[in-house]
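Breakdown of the fold
The residues making up each chain are set out below.
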Amino acid sequence: MTNRNGARVVVNLQVQRDLQNLGHHATNQVNDFVRRLREDPANRSLRLAPLRAAGHNGDLFLASVPPHHAVLLLLTDTARFTVLAVREGERAHEELSRLTVTINPVSGLPDVIDQAHASDTVLAFPVRNSSPQPTIEDPKAHPSAPVSPLPRPLFDEYTDDELTGLGVSRSLLPTLSEITSRQQLDALLTGNIPELTRDVLLALASCTPVDEIRRDITEAWRLPDADPEDWAGVAHHPALVSTEDDAVLDALGNTFEAWRLFLHPEQRRLATTRFKGSAKVTGGPGTGKTVVALHRVRHLVEQLPPGYDRPVLLTTYNTSLAEDLRQRLRRLGGDGLLNRVRIESVDALARRIVVEEPSVDLGRTLPDDAAMHLWHTVRAETGLTNYEADFLDEEFRHVIVAGQCVRYEQYRSISRPGRKRITVKDRRDIWKLVEAYLAHLAAHPRRITFDLVASEAARIADERKRAYDRYLEYKDEQGGRDLIHREAASLMGGFGPRLPFRHIVIDEAQDLSASHWRMLRALVPEGPDDIFLVGDAHQRIYAHRSILSHYGIRTPGRASRRLTLSYRTTREILGSAGGLLEGQPFDDLDNGTDTLDGYRSVLTGRAPAYYHAPDWQTELRAVAALLFERHDKYGTPYEAMAVAVPDGAAASQAAYALGTAEHPVPPVEIGQDGVPEGAKGVRIGTMHRFKGLEFQRVFIVGVSEGQVPHQRIEPYRLSDPGRFRQEEQRARSLLFVAATRARDELIVSWNGRPSRFLPRNVEHSAHSAIALLRGDGSPSSSSAA
Ligand SMILES: Nc1ncnc2c1ncn2[C@@H]1O[C@H](COP(=O)(O)OP(=O)(O)OP(=O)(O)O)[C@@H](O)[C@H]1O
């Protein structure tokens, strides 16, 4: 919406962080101010006061935002404003006046720096003379280097020109030369400094090679022809959002969710690039993969011709994640966007495809644990008790169904990489068991498993796809003319000359099975932007590894990208969560390998805290006390906190214990479909249920030896070492997923002995649950405030 007499107002990226720090009141007031400025910049009640020239073609202004705030504005062409910074309180004007504003020669964005504050922050830490001082986290630092009297500045191996050439703001150089410890750097980075500068400093501090930083960070942020003298150019910067768009004002005024407006350049590139075919984005927890997927969906919809159909599919692992995607997509683009997108879990989609087939009677889908239990019945009935039920379940799902074996001859010769060796006789016996299993499912009342539904859906989709390909071939032979209806219908087997989707976007891709991939591949014609998937093998907790290229999904070269900057979890939490997976090999969802190298966080905080208890009930009482304290003393809403447990029984016990504690804490169990919207209370669920979620404070309880990983995998240690390794890795990934849901605080507790996955000697640094309950434990607030 433009106003003929009004102004264009643009918001600088750093304002987002100012508003996050200042809270809702500030966002509402600034939003209101921006609205009025946009409508009539000459309105005297805005009280714009000239501050100084920013450069030859731009001026800085201050304005009061009653009752408590003030903003710094850049005025360039006639009536074109950029909001640069917001401050609160009596000293707001003074603080805004002293900000240094320059144009970054790499990004072309305004760098807004409070030099005095930055320097004070750094100097607040005592300089330690604990030399030799290694450079940053330099693994090559020589332990026997001569002791120097003063610590070396962290960045002194880089010249000023090198740093600014990478994108570091020139105004920060004096402060950087004073930084001699990682602590000081962290303190600086928690302040409001330009994102490109933060990105580069974090990468340098984690020893990322300069060439890599230049390629992955500097170039991603680079604005061709950026001119550090051209202030008029700032207001036209493509990364800055103009408030002519009402959605921006709404976002500024309501819950300010940064991801809706401002993407990291790499995220933006991935969301908007046109790919020749499929594309894949991997990256550790919290790196914004889902955010990229959502923006990608919006971008794809924007490219569509007008219509009422839904040619974009957004899919994920389960229904609760699909519901979460629906809510987030609505926040991004409203119902108009939702109306062009089908959002469904892979299993719901599979079922729909099969149900649409007139000849198929599906029956009820058995939950995974019921499908597993049926193997017990079949073992007993056939007398073939040499094979454990869970071995049979895995063999059936990951070898027989995944390999599309419908006859024994197919199973007899199928390769089973990574699985325990079996003889031909074993294969024959297992096939007998499979036949008995299928007979049970087919008997009245008919039932089916999720894997079988997905496999059937893949078969149907594949058949349609082949008919579609035949149709295209035929059409081609006819010189590209459209076929008359009857001809087309007979070639397509009655489905019409079209596949259901033009584009498919997939979240949580690491947990999809072979049948899911076959189905998805067949639902979209091969071509530009056909499949876009995001995932992280470190978080795989359900499926076995699938190699995408085996299913015709190829993402060569720049069609495969990795995100490395976490927006969710503090560096301290990432460090300990990452420790869980150290030394384990992970894939890149395809033929290659993936690591968490270079994975870093924009946030810092406190280290995770550990609690030990003599028994489960004491552990739960201590957790209830900690939750109550965080709510009562630190004002954390109950729904921003969550308790993860190893299994379903523990979830019910934990819910009961919280609800009946000395200071009761309201519990809400996370069900199969998530939590009802608006439900109040602390979230409780098995670690599996934490996939894709995010909380301010996370408690992982029951992390005891024998529970995590569960002792039932112990027999495999000798009998089936391959399986044992696989189960252990899955259990590690599960704990990793739960730990990386935490934004500000992570607490891990156990009773008896701590899980072997926890850091060595963790007992020594753990707090005592008993001492806490007696009231003489170490202050629980140490990590709460
Ligand atoms: N560009 C951004 N600016 C600010 N916040 C962001 C940005 N990108 C992502 N975030 C925030 O980071 C958090 C994690 O994002 P998201 O859920 O997309 O990550 P993810 O990689 O899918 O995580 P996971 O794999 O752990 O499920 C969210 O709170 C999101 O709002």
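Please read these numbers as outputs of a predicted model, since none were measured by experiment.

Describing the site of the ligand
- Taken together, 21 residues are adjacent to the ligand, and Pro285, Gly288, Lys289, Thr290 and Tyr567 come closest.
- Listing elements by their share of the shell around the ligand, those giving two or more residues are helix H12 (258-261) and helix H14 (289-302).
- When residues in the shell around the ligand are grouped by element, the largest group, 3 residues, is from H14.
- For the shell around the ligand, a count of residues per class yields 7 nonpolar, 10 polar and 4 charged.
- Viewed by domain, the shell around the ligand spans two of them, domain 3 (265-354 + 453-594) and domain 5 (606-783), each represented by three or more residues.

Some details on unusual backbone geometry
- At the junction of histidine 444 and proline 445, the peptide bond is cis and its omega measures out at -10° in the coordinates.
- Among the structural elements, proline 445 can be located in the loop between helix H20 (424-442) and strand S13 (447-449).
- Cis geometry is adopted by the peptide bond preceding proline 709, which originates at valine 708 and carries an omega value of -5°.
- The residue proline 709 is located in the loop between strand S25 (695-700) and helix H27 (716-719) in this model.
- Here glutamine 404, not a glycine, exhibits a phi torsion of approximately 55°, which is positive.
- Here glutamine 404 shows up in the loop between helix H18 (389-401) and helix H19 (408-412).

Comments concerning the sheet that holds strand S24 (residues 682-686)
- With parallel pairing, 7 strands are arranged side by side in an open sheet as S23-S24-S22-S25-S26-S21-S27. Looking at which strands have only one partner, the edges of the open sheet turn out to be strand S23 (667-669) and strand S27 (767-768).
- Across the sheet, helix H25 (residues 616-632) touches strand S21 (609-613), strand S22 (641-645), S24, S25 and strand S26 (742-751), and the angle it forms with S26 is around 155°.

A look at the nonpolar core
- Ranked by internal contacts, the top residues of the largest apolar core, which has 69 residues, are Val297, Val312, Leu314, Ala350, Ala457, Ile504 and Met519.
- Shared between two domains, this core holds at least three residues of each, these being domain 3 (265-354 + 453-594) and domain 4 (364-445).
- Not counting the four nearest positions on each side in its chain, valine 312 is found in contact with Val297, Leu300, Val301, Arg340, Val341, Phe501, Arg502, His503 and Val505.
- In terms of nonpolar packing, the next biggest core, distinct from the first, is built from 62 residues, Leu19, Ala70, Val101 and Leu188 among them.

Remarks on the sheet that holds strand S15 (residues 531-535)
- Sheet architecture is open: 6 strands sit in the order S11-S10-S14-S15-S9-S16, paired in parallel fashion. The open sheet has two edge strands with one neighbour each: strand S11 (341-345) and strand S16 (560-563). Shown here is a sheet whose adjacent strand axes are inclined to one another by a mean of 15°, direction ignored.
- Where strand S9 (residues 279-283) meets S15, 4 bridges bridge the pair, whose relative direction is parallel. Following the sheet pairing, alanine 279 is matched in S15 by phenylalanine 532.
- Taken strand by strand, H14 contacts S9, strand S10 (312-316), S11, strand S14 (503-506), S15 and S16, and its axis lies near 165° from that of S15.

Some thoughts on the environment of alanine 613
- Looking at the secondary structure, you find alanine 613 in strand S21.
- Here alanine 613 falls in the buried class, since 25 other C-beta atoms lie within 10 Å of it.
- Between the C-alpha atoms of alanine 613 and arginine 558, which are 55 residues apart in sequence, the distance is 50 Å.
- When residues no more than four places from it in sequence are discounted, the contact partners of alanine 613 are Thr618, Glu619, Ala622, Ser749, Asn751, Ala769 and Ile770.

Some words on the UniProt feature "binding site: ATP" (unreviewed entry) in the chain
- Per the UniProt annotation, the sites labelled "binding site: ATP" (unreviewed entry) are Gly283, Gly284, Pro285, Gly286, Thr287, Gly288, Lys289 and Thr290.
- With respect to the secondary-structure elements, proline 285 resides in the loop between S9 and H14.
- The exposure class of proline 285 is buried, given the 25 C-beta atoms found within 10 Å.
- Sequence-distant contacts of proline 285, defined by excluding residues within four places in its chain, comprise Asp536, Gln539, Ser566, Arg568, Thr569 and Thr740.
- Position of threonine 287 among the secondary structure elements: in the loop between S9 and H14.
- Residues within four places of threonine 287 in sequence aside, it is in contact with Leu563, Thr564, Leu565 and Ser566.

Rules used in this analysis
Residues numbered from 1 in each chain as written. Predicted model: local features only at pLDDT ≥ 70, side-chain atom pairs only at ≥ 80, totals over all residues. Near = placed C-beta within 6 Å. Helix = DSSP H or I, 4+ residues; strand = E, 2+ residues; numbered from the N terminus. Nonpolar A, V, L, I, M, F, W, Y, C, P; charged D, E, K, R; others polar. Domains from an automatic or database assignment. Pairing = 2+ DSSP bridges. Contact = placed C-beta atoms within 7 Å. Axes fitted to C-alpha atoms, helices over the stretch in contact; angles between N-to-C directions. Core = buried A, V, L, I, M, F, W, Y, C linked by C-beta atoms within 7 Å. Buried ≥ 20, exposed ≤ 12 C-beta atoms within 10 Å, placed from the backbone. UniProt positions renumbered as here; feature names shortened; annotations may be inferred.

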